[in-house]
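# Report on the structure
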Amino acid sequence: DQQVKQNSPSLSVQEGRISILNCDYTNSMFDYFLWYKKYPAEGPTFLISISSIKDKNEDGRFTVFLNKSAKHLSLHIVPSQPGDSAVYFCAGLGSGAGSYQLTFGKGTKLSVIP
Amino acid sequence: DAGITQSPRHKVTETGTPVTLRCHQTENHRYMYWYRQDPGHGLRLIHYSYGVKDTDKGEVSDGYSVSRSKTEDFLLTLESATSSQTSVYFCAISGAGELFFGEGSRLTVL
């Protein structure tokens, strides 16, 4: 039972254009949503987050949008750069049993074509 | 960069042998986690710890045990490794919310 779903395993975008990565969730108890970026042979690194009480958060070229009624969030990268090519993981953060646990989606591999 | 060190970084072992992966942090964070990453599955939580000697199971805990005798160290043990445990294992730490990941330990069970 996947609580966080990334239905697109891969995405290709031309350099300079917008990349939109999508994520759906089923658990209404998530307090935050986070995006992580992962290069091959490296650990995931935090990219951007959004609180469940917000609908948008922006950090430079990266913007995350949250639609709670649709249980959907998206990550926009504008403009896309070749260095953005990586696997992007969406994750939901909930607190329970005194801990903070991230539940990840399966990831979307973004390829930015020069 | 968060001070997280995983060891070993690469290991090849045989089915039925015990394996221990170590995660060491220098950040004094309370929470530590072990995830595994597999193609088509993303990152799945194995076990986590919310303090010394305080641990709990994650989504895919069968076949794994953990121990945390010191704040800085979180050990993941495969008592009897199986081929299905071939994976990349990531340790993560958290003070509150955001997780910081180590560089991963690639385990191959033949």
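Everything discussed here concerns the structure shown above.
Only a predicted model underlies this, so the values are computations on that prediction, with no experimental measurement involved. Residue positions are given per chain, counted from 1 along the sequence in the order it is written. Here chains are named by letter from A upward and ligands by number from 1 upward, in the order in which they appear as written. Under the rules for a predicted model, residues below a pLDDT of 70 receive no local features and side-chain atom pairs below 80 are neither given nor counted, while totals for whole chains, interfaces and linings still include all residues. Hydrogens and water are ignored here; the side-chain numbers use all heavy atoms of the structure.

## Some details on the state of the cysteines
Test applied: The term disulfide is used for any two cysteine sulfur atoms that are within 2.5 Å. In this description a helix means any DSSP run of H or I spanning at least four residues, a strand means any run of E spanning at least two, and both kinds are numbered starting from the N terminus. Relative accessibility thresholds used throughout: buried, under 20% of the residue-type maximum; exposed, over 50%; partly exposed, between the two (1.4 Å probe, protein chains only).
Counted under the stated rule, the structure contains 2 disulfides over all chains. With a sulfur-sulfur separation of 2.1 Å, A:Cys23 is cross-linked through a disulfide to A:Cys90. The S-S bond linking A:Cys23 to A:Cys90 shows a torsion near -75 degrees; that makes this disulfide left-handed. Of this pair, A:Cys23 sits in strand S3 (residues 19–25) while A:Cys90 is found in strand S9 (residues 86–96), placing the two residues 67 residues apart along the sequence. The partner cysteine of B:Cys23 in its disulfide is B:Cys91, sulfur to sulfur 1.9 Å. Every disulfide takes its handedness from the sign of the S-S torsion; for B:Cys23 and B:Cys91 that torsion is -70 degrees, giving left-handed. Of this pair, B:Cys23 sits in strand S3 (residues 19–25) while B:Cys91 sits in strand S9 (residues 87–94), and the two are 68 residues apart along the sequence. We classify B:Cys23 as buried; its relative accessible area is 0%.

## Some details on the environment of A:Thr26
Residue and element names in this part refer to chain A. Selection criterion: Two residues form a contact once any of their heavy atoms are found within 4.5 Å.
Note that Thr26 resides in the loop between S3 and strand S4 (32–38). Separated by 66 residues in the primary sequence, Thr26 and Gly92 place their C-alpha atoms 9.9 Å from one another. Non-local contacts of Thr26, meaning those with residues more than four positions away in its chain, are made with Gln2, Gln3, Lys5 and Lys71.

## A short note on the sheet that holds strand S8 (residues 72–77) of chain A
Residue and element names in this part refer to chain A. Heads up, the condition is: The pairing criterion is simple: DSSP has to find at least two bridges between the two strands.
Spatial strand order, S1-S3-S8-S7-S6: 5 strands in an open sheet with antiparallel pairing. Since the sheet does not close on itself, it has two edges, and those belong to strand S1 (4–5) and strand S6 (56–59), each with one partner. Taken together, the 6 bridges between S3 and S8 define a ladder with antiparallel strand orientation. Looking at S8, one finds that Asn22 is bridged to Ser74.

## Brief notes about unusual backbone geometry
Residues A:Val78 and A:Pro79 are joined by a peptide bond in cis, for which omega reads -10 degrees. Residue position: A:Pro79 is located in the loop between S8 and S9. Put simply, B:Ser7 and B:Pro8 share a cis peptide bond, and its omega is -10 degrees. Relative to the elements of secondary structure, B:Pro8 occurs in the loop between strand S1 (4–7) and strand S2 (10–13). The residue A:Ala41 is not glycine, and still its phi comes out positive at about 65 degrees. Inspection of the secondary structure puts A:Ala41 in the loop between S4 and strand S5 (45–51). Relative accessible area serves as the criterion here: at 67%, A:Ala41 is assigned to the exposed category. For B:Lys53, which is not glycine, the phi dihedral falls at a positive 65 degrees. Looking at the secondary structure, you find B:Lys53 in the loop between strand S5 (42–51) and strand S6 (54–57).

## What to know about the packing of aromatic side chains
Residues and elements named next belong to chain A. This is how it is decided: Whether two aromatic rings pair depends on their centres lying within 6.5 Å, for rings of Phe, Tyr and Trp, where Trp uses its six-membered ring; planes under 30 degrees apart make the pair stacked, over 60 edge-to-face, and the rest tilted.
Applying the stated criterion to the full structure yields 15 aromatic pairs over all chains. Ring geometry for Tyr25 against Phe33: centres 4.5 Å apart, planes inclined by 45 degrees, an arrangement best described as tilted. Both residues of the pair, Tyr25 and Phe33, belong to the buried class.

## Here we look at a nonpolar patch on the surface
For clarity, the threshold we go by: Surface patches are drawn from residues lacking salt bridges whose relative accessible area is over 30%; two like charges belong together within 9 Å, two nonpolar side chains (Val, Leu, Ile, Met, Phe, Trp, Tyr) within 5 Å. The protein chains shown are the only cover counted for residues, whose accessible areas, like all others here, come from Shrake-Rupley with a 1.4 Å probe. Here, a salt bridge means any side-chain nitrogen of Lys or Arg that lies within 4 Å of a carboxyl oxygen of Asp or Glu.
Among the surface-exposed residues, A:Ile18, A:Ile20 and A:Val78 lie close enough to one another that they form a single nonpolar patch of about 230 Å² accessible area. Looking at the secondary structure, you find A:Ile20 in strand S3.

## What to know about the interface of chain B and chain A
By a widely used convention, the size of an interface equals the accessible area lost when the partners come together. This is how it is decided: Buried area: the sum, over both parts, of the accessible surface (1.4 Å probe) that disappears when the two are put together. Any pair of nitrogen or oxygen atoms within 3.5 Å is treated as a polar contact; in protein, a donor-acceptor pairing is required on top of that, and neighbouring residues in sequence qualify only through side-chain atoms on both sides.
The interface of chain B with chain A comprises 21 residues on the first partner and 19 residues on the second. Carbon and sulfur atoms make up 60% of the surface buried where chain B meets chain A, a total of about 1600 Å² over both sides. For chain B, the biggest contributors to the area lost against chain A are B:Leu43, B:Glu98 and B:Phe101; these three give 27% of the whole. On inspection of chain B and its partner chain A, the count reaches 0 salt bridges. Inspection of the chain B/chain A interface yields 3 residue pairs in polar contact (both at pLDDT 80 or more). The set of elements that each furnish at least two residues to the side of chain B that touches chain A consists of strand S4 (31–38) and S5 of chain B. For the side of chain B that touches chain A, the leading source of residues is S5(B), giving 5 residues.

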